[in-house]
Amino acid sequence: MPELPEVETVRRGLEPFMQGAKVERVEQNRPDLRFPFPQDFVSRLKGRRIDALGRRAKYLTIHLDDGLSIISHMGMSGSFRIEAEQAGESPGEFHHERSKNSRHDHVVFHLTRPDGSCVRIIYNDPRRFGFMLFAEKGALDDHPLLKGLGVEPTGNRLSGELLASLFAGRRTPLKAALLDQRLIAGLGNIYVCEALWRSGLSPMRAAGSIADDAQVLDRLAGDIRNVIAEAIKAGGSTLKDYIQADGALGYFQHSFSVYGREAQPCKAPGCSGMIGRTVQAGRSTFFCASCQN
């Protein structure tokens, strides 16, 4: 599934076309995706203005002028496509062919932008594991999907001091603790592997074992923030079905140090180890046993 940098990249790609636009009409081509669409989904969006696009963890949020918000998740194969209303062309350079099977175009937003131009924002999802739900005015933070989420890993709130409080007394493996969305919101498998490698920490190590080491915690917090920031700057990581909103591929996968590099030499200076792979909670973990402890 797309991780935080992918969702942020999509948000930034959609923002110039959606923010400030009026929703002329919406095509809803099936009753459900992962979940049923909200009641009156089409009628409640018609005529509304899109005030802003946001992101919380791995969820895209679309905020309307009447206080209503859409919470969207792209699931395993969902993507947004931007097309000019008249020409039917997609702006941006396409490096990878998208699904154009109309059976998978489940939602189409017909928008008029502030400059008078018209665009279609098309949500395509072959596996139908994404969703779009409503959060009523003033209730976004209390929505069941968002209410229990932890701190975002993109700002200074994620600090060594905070990690110390989150990890204290936890026997769960360090990787599992970092993937716990109740502690840190939006971290996924790829970037946890990368951050732990940068910090020289074993993903199997008990989280509580570093709770009293301020230097290690500060380093880990910084590495998490940096790896996320670099991935966003690079446009996310293109894996399997994921494509940016404008059709361009993300490039951070070319900078992976451990993820997907099983049996390849470790890139850490002075390390002669090889990247290994194990499975934790059903997810592949890539690490170097020589320099991560």
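Relevant structure appears above.
What counts, and at which threshold
Residues numbered from 1 in each chain as written. Predicted model: local features only at pLDDT ≥ 70, side-chain atom pairs only at ≥ 80, totals over all residues. Heavy atoms only, no water. Helix = DSSP H or I, 4+ residues; strand = E, 2+ residues; numbered from the N terminus. Buried < 20%, exposed > 50% of the residue type's maximum accessible area, 1.4 Å probe, protein only. Contact = heavy atoms within 4.5 Å. Areas by Shrake-Rupley, 256 points an atom, 1.4 Å probe, with all protein chains shown as cover. Pairing = 2+ DSSP bridges. Axes fitted to C-alpha atoms, helices over the stretch in contact; angles between N-to-C directions.

1. Notes on the overall build of the protein chain
Along the protein chain, the regular secondary structure elements total 6 helices and 10 strands. For the protein chain, the proportion of its 293 residues judged to be buried stands at 52%. For the protein chain, the share of sequence-separated contacts (at least 6 apart) that also reach a separation of at least 24 residues comes to 68%. Summing over all exposed atoms, the protein chain offers an accessible surface of approximately 13400 Å²; the carbon and sulfur share of this is 47%.

2. Observations concerning the sheet that holds strand β2 (residues 50–56)
Strands sit in the order β2-β3-β4-β8 across an open sheet of 4 strands; the sheet is antiparallel. Every other strand in the sheet has two partners, leaving β2 and β8 (131–135) as the edge strands with one partner each. Each neighbouring strand pair of the sheet contributes to a mean axis angle of 25°, computed without reference to strand direction. Summarising the sheet, β2 and strand β3 (residues 59–64) pair through 6 bridges and their orientation is antiparallel. Each residue of the ladder has a partner; that of G54, found in β3, is T61. Packing of helix α1 (residues 4–18) onto the sheet brings it into contact with β2 and β3, and relative to β2 it is tilted by some 175°.

These figures capture arrangement, not role.
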